[in-house]
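Chain and residue survey
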Number of protein chains: 2
Amino acid sequence: MRQDAGTRLETALTEIAEAIDVQFDRLLPVPEDQRARLYEAMRYSAIGGGKRLRPLLVKASCDLFNIGWESAVRAGLAVECIHVYSLIHDDLPAMDNDDMRRGKPTAHRAFDEATAILAGDCLHDLAFAVLADERTHADATVRCELIASLAQASGPAGMAGGQMMDLVAETTPFDLPAITRLQLLKTGALIVFCLEAGAIFARIPEDRRTSLRGYAHDVGLAFQIADDLLDIEGDAAVTGKAVGKDAAAGKATFASLMGVEKARQQASLLVAQAKDHLRDFGEEADLLRDIADFAISRSY
Amino acid sequence: MRQDAGTRLETALTEIAEAIDVQFDRLLPVPEDQRARLYEAMRYSAIGGGKRLRPLLVKASCDLFNIGWESAVRAGLAVECIHVYSLIHDDLPAMDNDDMRRGKPTAHRAFDEATAILAGDCLHDLAFAVLADERTHADATVRCELIASLAQASGPAGMAGGQMMDLVAETTPFDLPAITRLQLLKTGALIVFCLEAGAIFARIPEDRRTSLRGYAHDVGLAFQIADDLLDIEGDAAVTGKAVGKDAAAGKATFASLMGVEKARQQASLLVAQAKDHLRDFGEEADLLRDIADFAISRSY
């Protein structure tokens, strides 16, 4: 059973990762003019890297409501555009100043800072261009709701707001409630979008998305705690980015505030809670259950 | 007659500038948490500055088709969000490294680089959030077309692509056709969006927007040539930003490639051409005619 679930998840991850790469490749042909370097930087950061966890979550939420593959892939592509743009900008010297990402030099290291800033900005635009296109869904009302939700989840009330809090956390002590709120914004908001995407496509009203949001919150925090633990115990060769950074920066994390063992227990609890949110769903929610387990079993 | 046109333009500029400030103020209340600095940076850059030329162009294009004030203001607000975000990012040390903008320190000088990058990113999101909202237009198809057009105009095929070319131009000699193409992307693409906004609201098919695009191209280039001339002959106290930068950087501009007198003539020609594109319109296009004249008569 564990083995089957693992294989099922791996197959799903491989399928979505391939689909995302194909889309990026099609959308970003390198022009033969002075903009070539910009497109190359976008391709460098967007293609062939990362777990593609967010597109997988979109696909899994679309599975709940029988939403077609193309819609799921395009909404997943949009959220991945936002995720990749945020990684490029967060890695900049003025922000987290990271040299490695997804096992290779960060965009500003491989290219230069100006190109990296612009490549991030362009992927940011691409997210909304993809959603606005009628291939994403025939109903423009659905597309507008996806756009409004993604813009909300990315901006100051979501991901970027969380990154601002993260910058403040470098110089101000954060307690557990503050760290939780930081992470609910920084990574949680986009994950909530992923889970809501299926419901938006299926025109499920907002007040019936509570369990999906609950799952998203719990899985998002579980992933974050696991990330903290990997930063302490992980291997840079496997994670593809520097480890030990939080401790070196003296930055409060779930693991530093709770202790490693307590944090590990908390992550397990969150995964159980996340799966409990899916209790009214049948096997159409199996992929979401597998993803919840993966949050704490992974080594990368 | 000149006086009347001038007064009419001034009234329209004042009205739209006030409306844009009111909207930014409403949309960006400063929260009482660690994100306060982010919102303050967004407000600092967005409120009370600039000519608001792009929102005015949107309003003027909406006048052509009898589009209501709220739709015009919201589409103008969206394009101003994009414009301001691009100014914040372009001013960064890694890009143009500017200290002054709109008569005050640039965002990364007044705050810090990380906050400036995030404030730009958040205004970028806000543009699409504003357009996706049904207050912009009742028909979601119209909103999606606005979003798709603005994303296209901002990204690598538009403004950001032009900024990439501008970075390349610092180290590679550009001739007149290359500079023209650079400017058509860097500033022209957003101006084309402004002119098309009215037509999108009015559901005018693309093939009937040729004269609007022609006006946008001509006025965009005229404004750029006037900017080049202000960089040579202008007063930093009036323009609100450093002057003489292009020459100091040895950067090719319309003025440096054509000579000051020839450039001035070319700008006048473009303004006449822009107004000629409006020949099939009556007095509903007067604001657009005034804006074209303003392109070359301004001192800021």
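All values derive from a computational prediction rather than experimental measurement. (Residues numbered from 1 in each chain as written. Chains lettered and ligands numbered in written order. Predicted model: local features only at pLDDT ≥ 70, side-chain atom pairs only at ≥ 80, totals over all residues. Heavy atoms only, no water.)

1. A few points about the overall build of chain A
Under the convention used in this document: Helix and strand assignments follow DSSP, with helices taken as H or I runs no shorter than four residues and strands as E runs no shorter than two, numbered in order from the N terminus. Partly exposed describes any residue whose relative accessible area lies between the buried limit of under 20% and the exposed limit of over 50%, with all areas from a 1.4 Å probe on protein chains only and scaled to the type maximum. Residues are treated as being in contact if the distance between any of their heavy atoms lies within 4.5 Å. The accessible surface values rely on the Shrake-Rupley method and a 1.4 Å probe; as for residues, cover is taken only from the protein chains in view. Here Asp and Glu are counted as negative and Lys and Arg as positive; His is not counted, and neither are the chain ends. The atom standing in for a charge is NZ when the residue is Lys, CZ when it is Arg, CG when it is Asp and CD when it is Glu.
Helix and strand counts for chain A stand at 15 helices and 2 strands. Taken along the three principal axes of its C-alpha coordinates, chain A extends 50 × 45 × 35 Å. Counting across all 300 residues of chain A, residues that qualify as buried make up 57%. Pairs at least 24 residues apart make up 71% of the contacts formed inside chain A by residues separated by at least 6 positions. Total accessible area computed for chain A in this model is approximately 11,800 Å², and 50% of it derives from carbon and sulfur atoms. Separation of charge centres in chain A, based on 32 positive and 46 negative side chains, amounts to 1 Å.

2. Examining the interface of chain A and chain B
Heads up, the rule is: The term buried area denotes the loss of accessible surface (1.4 Å probe radius) that occurs when two parts are joined, taken as the sum for both partners. Any carboxyl oxygen of Asp or Glu that lies within 4 Å of a side-chain nitrogen of Lys or Arg is treated as forming a salt bridge with it. Classification used: nonpolar for Ala, Val, Leu, Ile, Met, Phe, Trp, Tyr, Cys and Pro, charged for Asp, Glu, Lys and Arg, polar for all others including Gly.
Each partner contributes to the interface: chain A provides 46 residues, whereas chain B provides 46 residues. Here chain A packs against chain B, burying approximately 3,800 Å² in sum over the two surfaces, 73% of which is carbon and sulfur. Summed over the three residues of chain A that lose the most area to chain B, namely A:Q34, A:D125 and A:M164, the buried surface amounts to 18% of that side. At the boundary of chain A and chain B, one finds 2 salt bridges. With a shortest N-O distance of 2.9 Å, B:R181 and A:D33 are connected by a salt bridge. Residue assignment for the side of chain A that touches chain B shows that the elements contributing at least two residues are α2 (36–46), α4 (69–90), α6 (113–132), α7 (140–154), α8 (159–169) and α9 (176–201) of chain A. Among the elements that line the side of chain A that touches chain B, the one with the most residues is α6(A), at 12 residues. Classifying every residue of the side of chain A that touches chain B by side-chain character gives 29 nonpolar, 9 polar and 8 charged.

3. Description of the nonpolar core
Stated precisely, the cut-off is as follows: Residues enter a nonpolar core if they are buried and are Ala, Val, Leu, Ile, Met, Phe, Trp, Tyr or Cys, with the set joined through side-chain atoms within 4.5 Å.
The biggest cluster of nonpolar side chains holds 210 residues, and the ones touching the most others in it are A:L150, A:Y215, A:I291, B:L150, B:Y215 and B:I291. Beyond its immediate sequence surroundings of up to four residues, A:L150 is in contact with A:A78, A:V79, A:I82, A:A127, A:F128, A:L131, A:L190 and A:F193.

4. Here we look at the packing of α4(A) against α6(A)
Residue and element names in this part refer to chain A. This is how it is decided: Whenever a helix is involved, its axis is fitted only over the stretch in contact; in every case the axis is a line through C-alpha atoms, and angles between N-to-C directions fall within 0 to 180 degrees. Comment on the angle field: the value is read as roughly parallel under 35 degrees, roughly antiparallel over 145, roughly perpendicular from 65 to 115, and oblique elsewhere. In a left-handed crossing the near helix is turned counterclockwise from the far helix by less than a right angle, and in a right-handed crossing that turn is clockwise.
Their axes nearest at 8 Å, the elements α4 and α6 cross at an angle of 165°. Here α4 lies roughly antiparallel to α6, going by the angle between them. Crossing of α4 against α6: the hand is left-handed. The segment α4 lies against α6, with R74, A75, L77, A78, C81, I82, V84, Y85, I88 and H89 engaging A116, I117, A119, G120, D121, L123, H124, L126, A127, F128, V130 and L131. Counted by class, the contact of α4 with α6 contains 17 nonpolar, 3 polar and 2 charged residues.

5. Focus: the packing of aromatic side chains
So the rule is basically this: When two rings of Phe, Tyr or Trp (its six-membered ring) have centres within 6.5 Å they constitute a pair, described as stacked for plane angles under 30 degrees, edge-to-face for angles over 60, and tilted for the intermediate range. In this scheme, the term charge over a ring applies when either NZ of a lysine or CZ of an arginine sits within 6 Å of the ring centre and within 35 degrees of the ring normal.
Going through the model one piece at a time under the given rule, you end up with 7 aromatic pairs over all chains. Ring geometry for B:Y44 and B:F111: centres 5.4 Å apart, planes at 75°, overall edge-to-face. Here B:F111 lies in the loop between α5 (107–110) and α6 (113–132) and B:Y44 lies in helix α2 (residues 36–46), a separation of 67 residues in the sequence. Accessibility expressed as a relative area gives 18% for B:F111, which makes it buried. Between A:K104 and the ring centre of A:Y44, over which it is positioned, the NZ or CZ distance is 4.0 Å.

6. Quick word on the environment of A:L92
In this fold, A:L92 is placed in the loop between α4 and β1 (100–101). Residues within four places of A:L92 in sequence aside, it is in contact with A:N97, A:H108, A:E113, A:A116, A:I117 and B:I117.

7. Overview of the relation of the copies chain A and chain B
For these two chain copies, the linking operation is a rotation about an axis paired with a shift along it. We apply this condition: A least-squares fit on C-alpha atoms brings the copies together, and the residues used are those whose pLDDT is at least 70 in both copies.
In screw terms, the move from chain A to chain B is a rotation of 180° and a rise of 0.0 Å along the axis, fitting with an RMSD of 0.0 Å. Accordingly, the operation relating the two chain copies is best matched by a two-fold axis. The position closest to the rotation axis in chain A is occupied by the C-alpha of A:A140, lying 2.6 Å away. The overlap is high: 100% of the interface residues of chain A also sit at the interface in chain B, so the same surface is used on both sides.

8. What to know about the pattern of salt bridges
When charged atoms on two side chains of opposite charge get close, those side chains can pair. All chains considered together, the criterion is met by 58 salt bridges over all chains. Here A:K245 ties to A:D98 by a salt bridge, and the two come within 2.9 Å at their closest N and O atoms. Of this pair, A:K245 sits in helix α12 (residues 245–248) while A:D98 is found in the loop between α4 and β1, placing the two residues 147 residues apart along the sequence. Since its relative accessible area comes to 30%, A:K245 is described here as partly exposed. A:D98 gets classed as buried once you look at its relative accessible area, which sits at 11%. Residue B:E145 is joined to B:R209 by a salt bridge in which the shortest nitrogen-to-oxygen separation is 2.9 Å. A residue pair is termed long-range when its members are at least 10 positions apart, and B:E145 in helix α7 (residues 140–154) and B:R209 in the loop between α9 (176–201) and α10 (210–233) qualify at 64 residues. Since its relative accessible area comes to 3%, B:R209 is described here as buried. A single network of salt bridges, built from pairs that share partners, joins A:E145, A:E196, A:E206, A:R209 and A:R213.

9. Side note on the environment of B:H277
All names here are of chain B. Tracing the backbone through its elements, the reader meets H277 in the loop between α14 (260–276) and α15 (286–297). Among the residues examined, H277 registers a relative accessible area of 26% and is labelled partly exposed. Sequence spacing of H277 and D121 is 156 residues, and the spatial spacing of their C-alpha atoms is 36 Å. Sequence-distant contacts of H277, defined by excluding residues within four places in its chain, comprise S211, G214, Y215 and D218.

10. Structural notes on helix α8 (residues 159–169) of chain B
Counted residue by residue, α8(B) has 11 buried out of 11 residues, so it is predominantly covered. Of the residues making up α8(B), those classed as buried are B:M159, B:A160, B:G161, B:G162, B:Q163, B:M164, B:M165, B:D166, B:L167, B:V168 and B:A169.

11. Quick notes on α2(A)
Residues of α2(A) that are buried: A:A36, A:L38, A:Y39, A:A41, A:M42, A:S45 and A:A46. Phi turns positive, to about 70°, at A:G48, one or two residues after α2(A).

12. Some points on the side chain of B:D290
Positionally, B:D290 belongs in helix α15. Sequence-distant contacts of B:D290, defined by excluding residues within four places in its chain, comprise B:A5, B:R8 and B:L9.

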